[in-house]
Amino acid sequence: MKNWKSMGFGLAFALLFASSLSAQTYTIFVHGKSDQNHNGVGTTDVNNYWGTAPNSVSGAKIFVGYDGTSDPRTYGTARAQTNLTTGLNTYCTGSNSCKIVCHSAGCYATEYWLANLGATTASRGYNITKVTALASASGGSELASALNGITFGFGGNAMDKSLVVSTARGAYNHNVTAGITFYQVPGYKGFSGIQGASSLILPGADDGAVAFHSSCAYNKSGGLSVCQSSVTQSEGIWPFNYNVTYTQFQGHTRAPSVGSGGLYLDHYELEGEGWR
């Protein structure tokens, strides 16, 4: 009988050990706007959107790719919502756990997916620990709004149209994150050269493509130069100026390793900050 008990304990230990070996922690990378099709879900960064940026993150890495010219809210072949569903179902359930790193419109896609999940990720069987939002475009970009305006709505592709500020902000309830915290990583280094003209269109601090109101997840658009839970500032021309208060959407906060002034990095340099 003693030998049988020993064998039983040994078998239980072996099963537990095997289970721990099969459990995996993944970092899921979700890219943003691009003129290329990065369609695919797996260990390959199709068409190299991320470059060497994922090297800053240790462990297993999975890339969720889609057509970078498409609306990040859509489902179908080479679409962000379908491939996000496939990726999170495949790698972020059971004994596995995931951290999501999104960039630009990839954060828009990720927020949209979570906001429409209908419950917390835990209750739905997903093990997602956090989202690191790099240069998030979930609040849209005035560059897309300007393009839409000057072309009377005819210019730009589906991605560009989705990034119009009013469209992005009205696309879903930004306060709903399915129980997951988004850690915002904003940049304030605009582009150089002729691309630097974009900062003339973007209000407040910006990374050359999105302004702080978007990359810091504020509840309204405006010209801001700090990234924190709440800020009140005087706006307008004296004596008609007035105070405006901006607060971050629920479930969003600045990454702890980033100061309130953001990082001196531009929109694309921020891709390498996924370790935060």
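Everything quoted here is computed from the prediction, not taken from an experiment.

**Comments concerning the sheet that holds strand 2 (residues 37-42)**
Sheet architecture is open: 7 strands sit in the order 2-3-1-4-5-6-9, paired in mixed fashion. Looking at the sheet topology across the chains shown, the edges are occupied by strand 2 and strand 9 (252-254). Here the strands of the sheet are splayed against their neighbours by 25 degrees on average, with no regard to which way each runs. As judged from the 6 bridges shared by strand 4 (residues 97-103) and strand 5 (residues 128-134), these two strands associate in the parallel manner. The residue bridging Ile-100 from the neighbouring strand is Val-131, located in strand 5. Strand contacts of helix 2 (residues 80-91): strand 1 (25-30), strand 2, strand 3 (60-67), strand 4 and strand 5, with the helix running at about 160 degrees to strand 3, the strand carrying the most contacts. Helix-sheet contacts for helix 3 (residues 105-115) involve strand 1, strand 3, strand 4, strand 5, strand 6 (182-185) and strand 9, and the interaxial angle to strand 4 is about 135 degrees.

**Observations regarding the state of the cysteines**
Here the structure, examined in full by the defined rule, presents 3 disulfides. The side chain of Cys-92 participates in a disulfide bridge whose partner is Cys-98; the two sulfur atoms lie 2.1 Å from each other. Negative torsions about the S-S bond denote left-handed disulfides, and the value of about -95 degrees found for Cys-92 with Cys-98 makes this one left-handed. Residue Cys-98 is classed as buried on the basis of its relative accessible area of 1%. Disulfide pairing is shown between Cys-216 and Cys-227; the S-S distance is 2.4 Å. Every disulfide takes its handedness from the sign of the S-S torsion; for Cys-216 and Cys-227 that torsion is -135 degrees, giving left-handed. Note that Cys-216 is positioned in the loop between helix 7 (212-215) and strand 7 (230-235) and Cys-227 in the loop between helix 7 and strand 7, a separation of 11 residues in sequence. Each of the two residues, Cys-216 as well as Cys-227, counts as buried. If the cysteines joined by disulfides in the protein are listed in sequence order, their pairing comes out as 1-2, 3-4, 5-6.

Calculation rules
- Residues numbered from 1 in each chain as written.
- Predicted model: local features only at pLDDT ≥ 70, side-chain atom pairs only at ≥ 80, totals over all residues.
- Heavy atoms only, no water.
- Pairing = 2+ DSSP bridges.
- Helix = DSSP H or I, 4+ residues; strand = E, 2+ residues; numbered from the N terminus.
- Axes fitted to C-alpha atoms, helices over the stretch in contact; angles between N-to-C directions.
- Contact = heavy atoms within 4.5 Å.
- Disulfide = S-S within 2.5 Å.
- Buried < 20%, exposed > 50% of the residue type's maximum accessible area, 1.4 Å probe, protein only.

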